[in-house]
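As a plain string of letters, each chain reads:
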Amino acid sequence: MAPLNRHVAGNASTVAERALLRRDLTWCICLLAALLFWDLAARDLAVMRNWGGAAGFALRDDWITTVLLHQGGRALGWVVMALLVLQLWWPLPFWPVLPRRDRLWWLATCVLCLSLIPGLKHISLTSCPWSLSEFGGTALYVSHWRWGVTDNGGGGCFPSGHASAAFSFLAGYFALRQAHPLAARRWLASVVALGVLFGVGQTLRGAHYPSHTLWTAWICLAVTTASRHAWLAWQSRTDPNAP
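Residue indices begin from 1 for each chain and proceed along its sequence in written order. Selection of residues for local features in this predicted model requires a pLDDT of at least 70, selection of side-chain atom pairs for listing and counting requires 80 or more, and totals for whole chains, interfaces and linings are taken over all residues. Hydrogens are left out, water is left out, and the side-chain values use all remaining heavy atoms of the structure.

Enquirer: I keep staring at the packing of helix α3 (residues 63-89) against helix α7 (residues 181-205) and nothing clicks. Help me out?
Expert: When two helices pack together, their arrangement is captured by the angle between the axes and the distance separating the axes. Lines fitted to C-alpha atoms define the axes, with helix axes restricted to the stretch in contact, and inter-axis angles between N-to-C directions lie between 0 and 180 degrees. Under the DSSP-based scheme used, a helix requires at least four consecutive residues in state H or I and a strand at least two consecutive residues in state E, with every element numbered from the N terminus. Contact geometry of α3 with α7 gives a least axis separation of 9 Å together with a crossing angle of 145 degrees. As for how α3 packs across α7, the hand of that crossing is left-handed. Contacts from Thr65, Thr66, Leu69, His70, Gly73, Leu76 and Val80 in α3 reach Trp187, Leu194, Leu197, Phe198, Gly201, Gln202, Leu204 and Arg205 in α7. Should the near helix be turned anticlockwise from the far one by less than a right angle, the crossing is termed left-handed; should it be turned clockwise, right-handed. The criterion used for residue contact is that any of the two residues' heavy atoms lie within 4.5 Å.

Here you go:
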């Protein structure tokens with residue numbers, strides 16, 4: 001009976017994983033559609049013109065946007081990363097209990113996202129809003145979809161690196177949602193709230209268009225979704241009884 005029970009458990013696990021995959025892919029596709037609609041509607045400049053003018057952006061050097069949200073957000077990201085590293089070897093008393101393999105996946109996926117976004121920025125020709133001539137700079141507005149076309153600015157501004165200090169940690173939701181659903185929902189709410197807050201702060205400063213933050217969120221979500229389901233599939237092949 002034991003082999004039969006393991007077979008039934010394995011089938012149930014596979015069915016659950018497929019249901020999760022369908023749900024996660026649906027979210028990715030719907031959010032991508034909304035994001036593409038935002039880009040097609042060309043709302044970026046319209047939003048930036050509400051906060052900046054020929055003299056630049058009044059909140060560019062404001063204490064709240066610069067010190068609290070920008071520098072403070074970056075520091076918070078490093079603190080969370082340090083905690084993820086610590087809990088890999090020493091489970092923390094205030095941290096939900098997870099198998100070490102899931103803690104390892106959580107950390108590795110966060111590192112992947114935190115590395116990918118700066119890499120994309122490095123090759124981007126898109127300049128920041130504060131570099132545009134209408135906001136006191138020298139660049140011309142060029143959509144980030146016009147690949148290979150320079151805007152005569154410094155480039156390196158797409159997607160938003162600062163927003164990745166929050167959205168890169170979406171992996172926590174995926175790692176926790178089956179064993180600790182309440183903690184997973186709280187983690188997700190915190191990550192999304194901080195990501196939006198960091199993104200709004202950078203928009204008010206003139207550092208990023210709203211789409212830069214939205215694309216960072218979607219890229220981190222897509223990478224995390226792909227990573228999680230690849231991890232689950234690998235676990236199913238190597239250990240059919242793995243949860």
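Enquirer: Just checking my understanding: could you explain a nonpolar patch on the surface for this structure?
Expert: A grouping of Trp63, Ile64, Val67 and Leu68 is seen on the molecular surface, where their side chains present a nonpolar patch of about 380 Å² in accessible area. With respect to the secondary-structure elements, Trp63 resides in helix α3. The exposed category is assigned to Trp63, whose relative accessible area is 54%. Patches in this entry comprise residues that are over 30% relatively accessible and not in a salt bridge; like charges within 9 Å are linked, as are nonpolar side chains (Val, Leu, Ile, Met, Phe, Trp, Tyr) within 5 Å. What sets the accessible areas is the Shrake-Rupley method with a 1.4 Å probe; for residues, cover comes only from the shown protein chains. Should a side-chain nitrogen of Lys or Arg be within 4 Å of a carboxyl oxygen of Asp or Glu, the pair is scored as a salt bridge. Remark: exposure states derive from per-residue accessible area (1.4 Å probe, protein chains only) relative to the maximum for the residue type, with buried under 20%, exposed over 50%, and partly exposed in between.

Enquirer: Sorry, what's going on with α7 here?
Expert: The periodicity of an α-helix, 3.6 residues per turn, causes residues three or four places apart in sequence to face the same way. A helix is expected to span 1.5 Å multiplied by its residue count minus one. End to end, α7 covers 36 Å across 25 residues, agreeing with the expected 36 Å (1.5 Å per residue, within 8%). Every buried residue of α7 is accounted for by Ala184, Trp187, Val191, Gly195, Phe198, Gly199, Gly201, Gln202, Thr203, Leu204 and Arg205. Looking one or two residues beyond α7, the residue adopting positive phi is Gly206, at roughly 90 degrees.

Enquirer: Even after reading the chapter, I still don't get the packing of helix α4 (residues 100-123) against helix α8 (residues 210-238), so can you show me in this structure?
Expert: Where α4 meets α8, the closest approach of the two axes is 10 Å, and the angle between their N-to-C directions is 145 degrees. The crossing of α4 and α8 is right-handed. Seen from α4, the contacting residues are Arg101, Asp102, Trp105, Thr109, Leu112, Cys113, Leu116, Ile117 and Leu120; seen from α8, they are Thr216, Ile219, Cys220, Val223, Thr224, Ser227, Arg228, Trp231 and Gln235. Partitioning the contact of α4 with α8 into residue classes produces ten nonpolar, five polar and three charged. Throughout, the ten residues Ala, Val, Leu, Ile, Met, Phe, Trp, Tyr, Cys and Pro are labelled nonpolar, Asp, Glu, Lys and Arg are labelled charged, and all others, Gly among them, are labelled polar.

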